[in-house]
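In case you want the letters, here they are:
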Amino acid sequence: MRISFERAGDNLRVRMRLDVNRRRWLITRITLWILAIVGILVGLWGVLAPGPFYRSMPGLGLNWVAMDGPYNHHLVADTGAFFLALGAMTAAALFYGDSLLARVAGGGWVVFGVPHAIYHLTHRPDGMSTGNYVLEILAALLPPLLGLVAALAAPRERTQLRDPAPMNFRLPSRRNR
């Protein structure tokens, strides 16, 4: 706990800050924000534009999905829906600020991401350069690792403790003698 004192005119303001699991909450929130953004962006792209998703995922001139087999509209749209569902679940954990939801969302990314990463580790598409393959593996490993960090860093208490309201004390006035 940190205590600070501030003089404001004839008043003394005392403020207390509770540092209970502050770093754990920060780590949890950062990882959840990254996962929510990735899930929602990739999910919307796959659901709303499955053809361009297939041809140019992850963007920047790379085409990891197209190198791995023929186009299947249903499969690509479902993949987008999976990412969108995980992104929505992660956003809900952020919105409610609940560590149990954060652990569930992180666990969801691990459950989805580990088999996904194993597939990419064991199936290198023909014609994919080594550098491109390494980037694909790193991108496949990042979501389950971040999910694991979110699940393990989430504090035991369900919600973050709030700092108490500041206390104001009126100071006795000085008398000039």
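Counting starts from 1 at the beginning of each chain's written sequence and moves along it residue by residue. Local features in this predicted model are restricted to residues whose pLDDT is 70 or higher, and side-chain atom pairs enter the listing and the counts only when it is 80 or higher, whereas totals over whole chains, interfaces and linings include all residues. Where side-chain values are given, they derive from all heavy atoms of the structure, hydrogens and water being excluded.

With that out of the way, let us pick up the overall build of the protein chain. When helices and strands are tallied, the protein chain shows 5 helices and 5 strands. Counting helices and strands in the order they occur from the N terminus, the protein chain gives β-β-α-α-β-β-α-α-α-β. Each radius of gyration reported is based on C-alpha atoms, and the globular scaling rule is 2.2 Å times the count of residues to the power 0.38. Computed over C-alpha atoms, the radius of gyration of the protein chain comes to 24 Å, more than 25% over the 16 Å expected from 2.2 N^0.38 for 177 residues, which places it beyond the range of a compact globule. Principal-axis analysis of the C-alpha atoms places the extent of the protein chain at approximately 90 × 30 × 30 Å. With 177 residues in all, the protein chain has 31% of them scored as buried. Restricting to contacts in the protein chain with at least 6 residues of sequence separation, those with at least 24 account for 67%. Under the convention used here, a 1.4 Å probe and the Shrake-Rupley method define accessible areas, while residue burial counts only the protein chains that appear. Roughly 11,400 Å² of accessible area belongs to the protein chain as shown, and the carbon and sulfur atoms make up 65% of that amount. In this count, Lys and Arg are taken as positive residues and Asp and Glu as negative ones, while His and the chain termini are left out. A charged residue contributes its charge at one atom only: NZ of Lys, CZ of Arg, CG of Asp or CD of Glu. Between the averaged position of the 19 positive side-chain charges in the protein chain and that of its 10 negative side-chain charges there is a distance of 17 Å. In this text, helices come from DSSP runs of H or I with a minimum length of four residues, and strands from runs of E with a minimum of two, each type numbered from the N-terminal end. Note on exposure labels: buried denotes an accessible area under 20% of the residue type's maximum, exposed denotes more than 50%, and partly exposed covers the range between, all computed with a 1.4 Å probe on protein chains only. Pairs of residues are marked as contacts when any of their non-hydrogen atoms sit within 4.5 Å.

What the 3 strands build is an open sheet, ordered β1-β2-β5; its pairing is antiparallel. Looking at the sheet topology across the chains shown, the edges are occupied by β1 (2–8) and β5 (167–170). In this sheet, neighbouring strand axes are inclined to one another by 20 degrees on average, regardless of whether the strands run parallel or antiparallel. Bridge count for β1 against strand β2 (residues 11–17) is 7 bridges, and the pairing is antiparallel. Along β2, the bridge assignment pairs S4 with R15. At least two bridges found by DSSP between two strands are what make those strands a pair. Comment: axis = line fitted to C-alpha atoms, over the contacting stretch for helices; angle = value between 0 and 180 degrees taken between N-to-C directions.

Per-residue confidence for the protein chain averages 87 on the pLDDT scale, and 92% of its residues sit at or above 70. The predictor rates its confidence in each residue with pLDDT, a number between 0 and 100. Looking at the elements of the protein chain, mean pLDDT is at its lowest for β5, recorded as 76, and at its highest for helix α4 (residues 99–122), recorded as 95.

To continue, consider the nonpolar core. Within the largest apolar cluster, 10 residues are counted, these being L35, V42, F53, Y54, M57, V76, F83, L86, W109 and L146. For this core, the element with the most residues is helix α3 (residues 73–96), which contributes 3 residues. When near neighbours in sequence (up to four residues on either side) are disregarded, Y54 contacts V65, A66, G69, P70, Y71 and V76. What makes a nonpolar core is a set of buried Ala, Val, Leu, Ile, Met, Phe, Trp, Tyr and Cys residues whose side-chain atoms join them at distances within 4.5 Å. In terms of nonpolar packing, the next biggest core, distinct from the first, is built from 8 residues, A36, L94, A105 and A150 among them.

Moving on to the packing of aromatic side chains. Aromatic contacts are taken between Phe, Tyr and Trp rings whose centres are within 6.5 Å, Trp giving its six-membered ring; a plane angle under 30 degrees counts as stacked, one over 60 as edge-to-face, and the others as tilted. Counted by the stated rule, this structure contains 6 aromatic pairs. Relative to F112, the ring of W109 has its centre 6.3 Å away and its plane inclined at 80 degrees; by these criteria the two rings are edge-to-face. Of this pair, W109 and F112 both sit in helix α4, separated by 3 residues, roughly a single helical turn. The class of F112 is partly exposed, set by a relative accessible area of 21%. One aromatic cluster in this structure is built from F83, W109 and F112.

With that settled, the discussion passes to empty space enclosed by the protein. Unoccupied space between atoms shows up once a probe the size of one water molecule is rolled over them. Think of a 1 Å grid over just the protein atoms. A cavity is a set of points where a 1.4 Å probe fits yet cannot get out, a pocket is an open set with protein on both sides within 12 Å along at least five of seven lines, and lining residues have an atom within 4 Å of a point. Grid points are joined across faces, edges and corners, and a volume is the space filled by probe spheres set on the points. All told, the structure shown has 1 cavity of 30 Å³ or more when counted by the stated rule. Volume-wise, the largest cavity comes out at about 50 Å³. What lines the largest cavity is simply W25, T28, R29, L32, A93, L94, G97, D98 and A102. The set of elements that each furnish at least two residues to the lining of the largest cavity consists of α1 (22–48) and α3. With 4 residues, α1 is the single largest residue contributor to the lining of the largest cavity.

In this section: the environment of P50. Take P50: it is sitting in helix α2 (residues 50–56). What makes P50 buried here is its relative accessible area of 8%. P50 sits 70 residues away from H120 along the chain, and the two C-alpha atoms are 20 Å apart. Excluding residues within four positions of it along the chain, P50 makes contact with W45, Y71, H73, V76 and A77.

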